[in-house]
Amino acid sequence: MTEIAHYSEVWRHRTPRKRLFMWMGWLALVALFVWCWQLMTENTMWYFVLDAPRQAADIGGRMVPPRWSYLPELMQPLWDTINIATLGTIGGVIMAVPVAFMAARNTTPSQTILRPMALFIIVTSRSINSLIWALLLVAIIGPGLLAGIVAIALRSIGFVGKLLYEAIEETDARQIEAIEATGASGAQVLSYGIVPQIMPAFWGISVFRWDINIRESTILGLVGAGGIGLKLQASLNTLAWSQVTVILLLILATVVLSEWVSARMRQAII
Amino acid sequence: MLTLDGLSKTYKTGDSALSDVSLTVPKGQIMGLIGPSGAGKSTLIRCINRLVEPTAGKVLLGDVDLARLGKAELRRQRRRIGMIFQEYALVERLTVMENVLSGRLGYVPFWRSFLRKYPAADIQRAYQLLDRVGLMDKADNRADALSGGQRQRVGIARALAQNPELLLVDEPTASLDPKTSRQIMRLLTEICAERDLPAIVNIHDVPLAQQFMQRIVGLNAGRVVFDGPPEALTEAALTTIYGEEDWNAMRKGDAEQAEAEADARARMEAIA
């Protein structure tokens, strides 16, 4: 032990410099908020805002009672929507798996070419919303289910690819080392050392993405990519508010159900 | 027989982990490798099967220089070297049987391993090995359902499934309690004796090394500073390997050893 006569009673978590930066950060945040508020109020037509409660009440009044007799007509589009989500997820996952293996640092065949390419695919897929993918695809392959399925698949590549490649990078290197030490080939190291370790993540991610895709595919019809969104658009256009209610409730029920299924499946895996 | 000749390893950071290590391990010899943390024990055994690439020197297994092999030939030669790891390094989500059969990966084509359609002889041998390590009834359990000692037995069976000519053993008991440690060490030495198999065992527990090893090599800062039988491991020798410490106090503290011994003997008699 060193000889110290007097121990300080003062200890601070952050250095004065760091504290100064923190204060400046908070100040900037408040300034930004004030500025945004001004911008927002400047472009608002207050006449419409003041009118809002009355309008909401009016539409609300037209929405009830829901026109339940419309329900049977919705079953086919709902089935289409579920198919878009499911087939789109399967397609997306199939395409995402090789991308993930190319993107993970520990499995990529080439750090300099393939890995940046895979990361680029992931970013592209993630940065474009399903609705925009669908818009593009409706223009390319025409309106209908196929455009919806492909849109969902393309959007899913990024999500599944990113989470899966992170799971691959987090695998336990010792298990892989042990398989390498037996004299196994590259493909065997993959199938014995890595695949078993990422299986729970793989199923978890896929089911989670399917659950998200159910929600996303309900609106794809708005741009003509099939499913229940088509009916929603038709009802909105004809101001058939009581039908809109039925559609929204049906979507709500479907999403709740898919979330329940996905939660149960993920629980069963882990 | 394994011969290391002038084996050196310098990491990219410039740290010299091994410098000019020359050793010969004859058939059937169990050699303990002791030394402080960072002395290069782990690097040394990984340089032999080239999980770590040596910078200089030769690794002769029989008359093949492992240090000079290309990728494909290295894979073929790795089959001759079984490795046992500190934290078992089993594939946790696979069954015990799949883990043992993974020792055959170097011998079977990909489709067989992928479909788990191993040749009948491999399967029979795997069962034999599981029986030998006392885990016959656990064949279809998942590896992560086993206790530490049981997992290390699976690790041993996996290494033996390769039908190796050399065992590399990296801290086999570091994650085990003293009693299980001794059981595992005994199993290892028995198996090596049965098959006349040479082994290099990294071990940080000096009393355990003295009890089970036929020869002890001490490493310090990547150099061999001691090489002799366990009896020659005097206080002075330990000081050259590890630095100054009260060695006698350490040895006395190993009372549970005797207890574990008795227990293990009883177990062996029960099996016989």
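All values derive from a computational prediction rather than experimental measurement. (Residues numbered from 1 in each chain as written. Chains lettered and ligands numbered in written order. Predicted model: local features only at pLDDT ≥ 70, side-chain atom pairs only at ≥ 80, totals over all residues. Heavy atoms only, no water.)

Moving on, we come to the overall build of chain B. Of regular secondary structure, chain B possesses eleven helices and ten strands. The C-alpha radius of gyration of chain B comes to 19 Å, within 12% of the 19 Å expected for a compact globule of 272 residues. By principal-axis analysis of the C-alpha atoms, chain B measures approximately 55 × 50 × 30 Å. When burial is assessed residue by residue, chain B has 54% of its 272 residues classed as buried. Across chain B, contacts joining residues at least 24 apart in sequence account for 69% of those joining residues at least 6 apart. When the accessible surface of chain B is totalled, it reaches about 11,800 Å², and 50% of it is carbon and sulfur. Across chain B, 36 positive and 35 negative side-chain charges occur, with their mean positions spaced 9 Å apart. (Helix = DSSP H or I, 4+ residues; strand = E, 2+ residues; numbered from the N terminus. Rg over C-alpha atoms; globule rule 2.2 N^0.38 Å. Buried < 20%, exposed > 50% of the residue type's maximum accessible area, 1.4 Å probe, protein only. Contact = heavy atoms within 4.5 Å. Areas by Shrake-Rupley, 256 points an atom, 1.4 Å probe, with all protein chains shown as cover. Lys, Arg positive; Asp, Glu negative; His and termini not counted. Charge placed at Lys NZ, Arg CZ, Asp CG, Glu CD.)

The subject of this paragraph is the sheet that holds strand S10 (residues 223–228) of chain B. Residue and element names in this part refer to chain B. Reading across from one edge, S6-S7-S8-S3-S9-S10 is the order of the six strands in this open sheet, with mixed pairing throughout. Edge positions in the open sheet fall to strand S6 (81–84) and S10, since each of these has one partner strand only. Taken pair by pair, the neighbouring strands of this sheet meet at an average axis angle of 20°, ignoring direction. In this structure, strand S7 (residues 166–170) lies alongside strand S8 (residues 199–202), joined through four bridges in parallel fashion. Within S8, the residue paired with Leu167 across the bridge is Ala199. Taken strand by strand, helix H6 (residues 148–161) contacts S6 and S7, and its axis lies near 170° from that of S6. Against the sheet, helix H7 (residues 178–195) contacts strand S3 (30–34), S6, S7 and S8, and its axis sits at roughly 165° relative to S7. (Pairing = 2+ DSSP bridges. Axes fitted to C-alpha atoms, helices over the stretch in contact; angles between N-to-C directions.)

This next bit is on the sheet that holds strand S1 (residues 2–10) of chain B. Residues and elements named next belong to chain B. Judged by pairing direction, the sheet is antiparallel, and its four strands sit side by side in the order S2-S1-S4-S5 without closing on themselves. Edge positions in the sheet fall to strand S2 (16–25) and strand S5 (64–65), since each of these pairs with one other strand and no more. Bridge count for S1 against S2 is six bridges, and the pairing is antiparallel. Bridge pairing in S2 links Leu7 to Val21. In the packing of helix H1 (residues 41–48) onto the sheet, the strands contacted are S1, S2 and strand S4 (56–61), and the crossing angle to S1 comes to about 120°.

Frequently, the measure chosen for interface size is the accessible area removed from exposure when the parts meet. If you look at the interface, chain B gives 30 residues, while chain A gives 18 residues. Carbon and sulfur atoms supply 59% of the area buried between chain B and chain A, which totals about 2,100 Å² over both sides. One can count two salt bridges joining chain B with chain A. Among the ionic pairs, A:Glu177 bridges to B:Arg46, the shortest N-O distance being 2.8 Å. Linking chain B to chain A there are ten residue pairs in polar contact (both at pLDDT 80 or more). Secondary structure elements with two or more residues in the side of chain B that touches chain A: helix H2 (71–78), S6 and helix H4 (110–115) of chain B. Partitioning the side of chain B that touches chain A into residue classes produces 14 nonpolar, six polar and ten charged. (Buried area = accessible area lost by both parts, 1.4 Å probe. Salt bridge = Lys/Arg side-chain N within 4 Å of Asp/Glu carboxyl O. Polar contact = N/O pair within 3.5 Å; in protein donor to acceptor, adjacent residues only side chain to side chain. Nonpolar A, V, L, I, M, F, W, Y, C, P; charged D, E, K, R; others polar.)

We now examine the packing of helix H3 (residues 71–103) of chain A against helix H4 (residues 114–127) of chain A. Two quantities define a packed helix pair, namely the angle between the axes and the distance from one axis to the other. All names here are of chain A. Running from amino to carboxyl end, H3 crosses H4 at an angle of 135°, the nearest separation of the two axes being 8 Å. When the axes of H3 and H4 are compared, the pair comes out oblique. Here the hand of the crossing between H3 and H4 comes out left-handed. Judged by residue contacts, Val99, Met102 and Ala103 of H3 engage Leu114, Arg115, Ala118, Leu119, Ile121 and Ile122 from H4. Taken together, the residues of the contact of H3 with H4 break down into eight nonpolar, no polar and one charged. (Parallel < 35°, antiparallel > 145°, perpendicular 65-115°, else oblique. Left-handed = near helix turned anticlockwise from the far one by under 90°.)

Inspection of the entire model under this criterion finds five aromatic pairs over all chains. Look at A:Tyr47 and A:Phe48: their rings are 5.8 Å apart centre to centre, the planes differ by 75°, and that puts the pair in the edge-to-face class. Judged by relative accessible area, which is 53%, A:Phe48 ranks as exposed. On the basis of an interplanar angle of 25° and a centroid distance of 5.6 Å, the ring pair of B:Phe110 and B:Phe114 is categorised as stacked. With a gap of four residues between them, B:Phe110 and B:Phe114 both fall in helix H4, about one helical turn apart. The ring of B:Tyr107 has B:Arg104 lying over it, and the distance from NZ or CZ to the ring centre is 4.0 Å. (Phe/Tyr/Trp six-rings, centres within 6.5 Å; stacked < 30°, edge-to-face > 60°. Lys NZ or Arg CZ within 6 Å of the ring centre and 35° of its normal.)

What follows concerns the domain arrangement of chain A. For chain A, the assigned domains are domain 1 (16–63) and domain 2 (71–269). Once you take the C-alpha centre of each, domain 1 of chain A and domain 2 of chain A turn out to be 34 Å apart. (Domains from an automatic or database assignment.)

Attention now goes to the environment of B:Glu244. Residues and elements named next belong to chain B. Within the secondary structure layout, Glu244 lies in the loop between helix H9 (235–242) and helix H10 (247–252). With relative accessibility at 71%, the residue Glu244 sits in the exposed group. C-alpha separation for the pair Glu244 and His204, spaced 40 residues apart in sequence, amounts to 16 Å.

With that settled, the discussion passes to unusual backbone geometry. Phi at B:Arg116 is positive, roughly 60°, even though this residue is not glycine. Mapped onto the fold, B:Arg116 is located in the loop between H4 and helix H5 (120–132).

Moving on, we get to the nonpolar core. Counting 78 residues, the largest nonpolar core has B:Val100, B:Ile156, B:Leu167, B:Met185, B:Val201, B:Met213 and B:Leu233 as the members making the most contacts within it. Ranked by size, the runner-up nonpolar core spans 33 residues in total, among them B:Leu7, B:Leu23, B:Leu66 and B:Val217. (Core = buried A, V, L, I, M, F, W, Y, C linked by side-chain atoms within 4.5 Å.)

For H2(B), the set of buried residues is B:Leu74, B:Gln77 and B:Arg78. All buried residues of H2(B) lie within an arc of 100° about the axis, which places them on one face of the element. On its buried face, H2(B) sits against helix H7 (173–181) of chain A together with S5 and S6 of chain B. (Arc of directions from axis to C-beta.)

So, on to the pattern of salt bridges. For the structure on display, the rule yields 23 salt bridges over all chains. A salt bridge links A:Asp172 to A:Arg174, with the nearest nitrogen and oxygen atoms 3.2 Å apart. The residue B:Glu190 makes a salt bridge to B:Arg132 at a minimum N-O spacing of 3.3 Å. Of this pair, B:Glu190 sits in helix H7 while B:Arg132 sits in helix H5, and the two are 58 residues apart along the sequence. You can call B:Glu190 partly exposed: its relative accessible area is 23%.

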